[in-house]
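Residues per chain, in single letters:
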Amino acid sequence: MNQLDGFFSDRVVRGVVLALTRDDKHEPEITRLAKSLLRDGRLGELSELNPSPDTFDTAQDYLGFVVVRDLFRKIDLPNPSAVQAAEEAFLENEKTCFSSNFRLSRLDDNSFLRRLLEMASRHCHRILGSIPLYVNGRHGPGAVFETSYGRSTVADKQQEVPTMTARADIFLPHWSETAWGRSMSFRDYRSIDPVVVPGNRFTTVPKDFSKRRGICIEPSINVFYQLGVGRVMRAKLAKEGIDLNGGQATHKAAAQKASMLGDYSTIDLSNASDNVCEELVKLLLPPDWFELLSALRSSHTLFRGRWHRLEKFSSMGNGFTFELETLIFYCLILAVQEFSSVQHRVLVYGDDIIVHESVSEQVIMLLEFCGFTPNLKKTFVKGPFRESCGGDYFWGADVRPHFQKRPPYDPESIISLANGLYRLHGKCAPNTLLHRNLGLARVRCLESLPVHLRRCVGPEVLGDIVIHDDNWETYGVTENSVRRFRCYKPARMRYVSWKYYDPTVVLACALLGVGDGTRGLTPRNAVLGYKVGWVSYS
């Protein structure tokens with residue numbers, strides 16, 4: 001029995017699937033096909049179904065389709081072919097970047113495209129200004145070159161011998177004055193120097209069942225300062241109205257409005273960060289900024305046991321990639337608008353782009369010339385549908401499906417699935433088959449929970465530690481003017497004791513305010529168990 005057979009034979013999954021796939025003779029043919037594939041557990045074929053939203057008459061018809069197609073599309077189950085797909089995508093993206101580097105390095109000085117890129121470069125110079133005189137580095141949540149995923153706490157990164165690329169040595173004087181650098185100077189009464197490595201290493205993280213996402217894990221000193229430089233770039237973009245801290249809500253609101261008015265288009269790019277080629281960055285950025293970022297980037301990746309020289313400038317995993325790609329796309333769009341003598345609102349959040357419909361085709365053409373590929377599944381220039389930053393809208397109606405990532409094998413993931421179905425239930429027109437199917441699927445989830453857990457009901461704002469319900473207010477109790485709800489919350493946490501770390505590392509973590517002073521650190525996936533308890537809400 002393979003992984004999918006075992007998953008779809010699970011009692012909870014089977015009950016939900018049978019409830020959701022009850023047929024309606026009035027529904028579109030593509031929805032009936034999706035239901036058939038889901039009943040048969042053929043997730044690979046199901047995820048390949050990609051009809052245009054324009055082919056659906058109403059938002060409810062479209063919602064009925066994506067509810068079925070996407071419910072388990074991102075389920076996290078072992079799939080060796082998904083890793084292979086990510087590795088093949090890495091190689092394909094490198095070929096794309098090679099072609100882009102070749103093409104951009106040989107641009108005619110008098111060409112139309114050269115003029116556009118020069119316009120974009122002027123905007124880039126204006127936004128970035130001079131390089132920062134001082135960069136505050138910081139640790140991120142992920143692993144670094146010398147540590148594994150399970151050992152990615154700040155203490156782990158400061159305990160191990162740090163790594164860096166050769167060109168990052170310009171940051172060594174500053175690094176040696178940090179608490180982290182000083183801790184290495186007094187380790188076991190001797191100074192420990194960083195290890196120089198050629199670059200980063202390739203790995204994959206979950207994306208969906210059919211394909212994992214390729215990322216690169218950077219040397220620790222590089223990513224420490226990459227994140228610092230990224231923070232500087234983020235602040236400069238904020239002055240332009242590009243909010244990379246809370247911009248997702250803005251994008252969703254703009255996409256919803258555009259789906260009703262049709263005046264703006266939403267553009268999404270496939271593998272955007274992996275297609276930012278080195279020559280494009282060199283053409284657009286000020287020389288001093290290009291040198292700064294080049295000193296911190298990894299020029300090589302350890303891939304399949306061999307060092308591979310990169311054609312891309314930076315990948316996912318690099319601490320400034322998100323800010324860099326946002327800056328590049330924003331400046332390219334401004335160049336198109338300047339050339340067209342128009343001024344419209346521009347929103348960019350990574351590779352989520354919203355531009356006026358009148359310039360969308362020109363923007364797409366310039367992006368393609370620079371080596372980027374619009375994701376046709378997520379790019380919407382015309383029609384009733386728009387999507388951006390996790391918001392899906394059809395004539396203004398919210399039609400975002402639920403993506404169940406954890407198999408519902410335990411109470412906490414079953415509650416998560418039930419809550420996802422509850423949210424979808426609220427988006428449906430009442431007294432329709434879809435409305436009834438979602439209600440029945442949710443009941444099948446709740447029936448599988450122990451009776452005492454079914455009383456853990458509360459408001460949506462509390463998240464998945466409570467079951468969401470229309471009548472949640474009747475389940476709370478009031479004590480001393482405080483409203484409290486029964487919940488199913490984390491009970492036992494895994495702590496890594498300070499005794500496993502050098503005293504200089506403990507001191508450095510204390511200066512950063514990291515960890516608990518007595519128990520130690522909580523690593524990723526620290527929850528060891530759940531229990532029924534109470535949570536306050538007002």
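Nothing here was measured: the structure is a model prediction, and the numbers come from that model.

## Description of the packing of helix α2 (residues 11–20) against helix α18 (residues 433–447)
So, point 1. As a packed pair, α2 and α18 sit with axes 8 Å apart at the nearest point and diverge in direction by 170 degrees. Judged by the angle between their axes, α2 and α18 are roughly antiparallel. For the crossing formed where α2 meets α18, the hand is right-handed. On the side of α2, the interface is formed by V12, G15, V16, A19 and L20, while α18 contributes N437, L438, L440, A441, R444 and C445.
So, point 2. Classifying every residue of the contact of α2 with α18 gives eight nonpolar, two polar and one charged.

## Brief notes about the side chain of D392
So, point 1. You can see D392 is positioned in strand β12 (residues 391–394).
So, point 2. D392 sits in the buried class, given a relative accessible area of 5%.
So, point 3. Side-chain polar atoms of D392 contact the side chain of R400, separated by 3.1 Å.
So, point 4. Discounting chain neighbours no more than four positions away, the residues touching D392 are F385, R386, E387, A397, D398, V399, R400 and P401.

## Observations concerning the packing of aromatic side chains
So, point 1. On inspection of all chains with the given rule, the structure shows 27 aromatic pairs.
So, point 2. Ring centres of W472 and Y537 lie 5.8 Å apart, and the angle between their planes is 85 degrees; on these two criteria the pair is classed as edge-to-face. On the criterion of sequence distance, the pair formed by W472 in the loop between β15 (467–468) and β16 (477–479) and Y537 in strand β18 (residues 527–537) is long-range, its members being 65 residues apart.
So, point 3. For Y537, a relative accessible area of 27% puts it in the partly exposed group.
So, point 4. Above the face of the F403 ring, K74 is positioned so that its terminal group lies 4.5 Å from the ring centre.
So, point 5. The lysine or arginine in question, R103, covers the ring of F369, its NZ or CZ lying 5.3 Å from the ring centre.

Rules of the game
- Residues numbered from 1 in each chain as written.
- Predicted model: local features only at pLDDT ≥ 70, side-chain atom pairs only at ≥ 80, totals over all residues.
- Heavy atoms only, no water.
- Axes fitted to C-alpha atoms, helices over the stretch in contact; angles between N-to-C directions.
- Helix = DSSP H or I, 4+ residues; strand = E, 2+ residues; numbered from the N terminus.
- Parallel < 35°, antiparallel > 145°, perpendicular 65-115°, else oblique.
- Left-handed = near helix turned anticlockwise from the far one by under 90°.
- Contact = heavy atoms within 4.5 Å.
- Nonpolar A, V, L, I, M, F, W, Y, C, P; charged D, E, K, R; others polar.
- Buried < 20%, exposed > 50% of the residue type's maximum accessible area, 1.4 Å probe, protein only.
- Polar contact = N/O pair within 3.5 Å; in protein donor to acceptor, adjacent residues only side chain to side chain.
- Phe/Tyr/Trp six-rings, centres within 6.5 Å; stacked < 30°, edge-to-face > 60°.
- Lys NZ or Arg CZ within 6 Å of the ring centre and 35° of its normal.

Worth remembering: the numbers are spatial, not functional.
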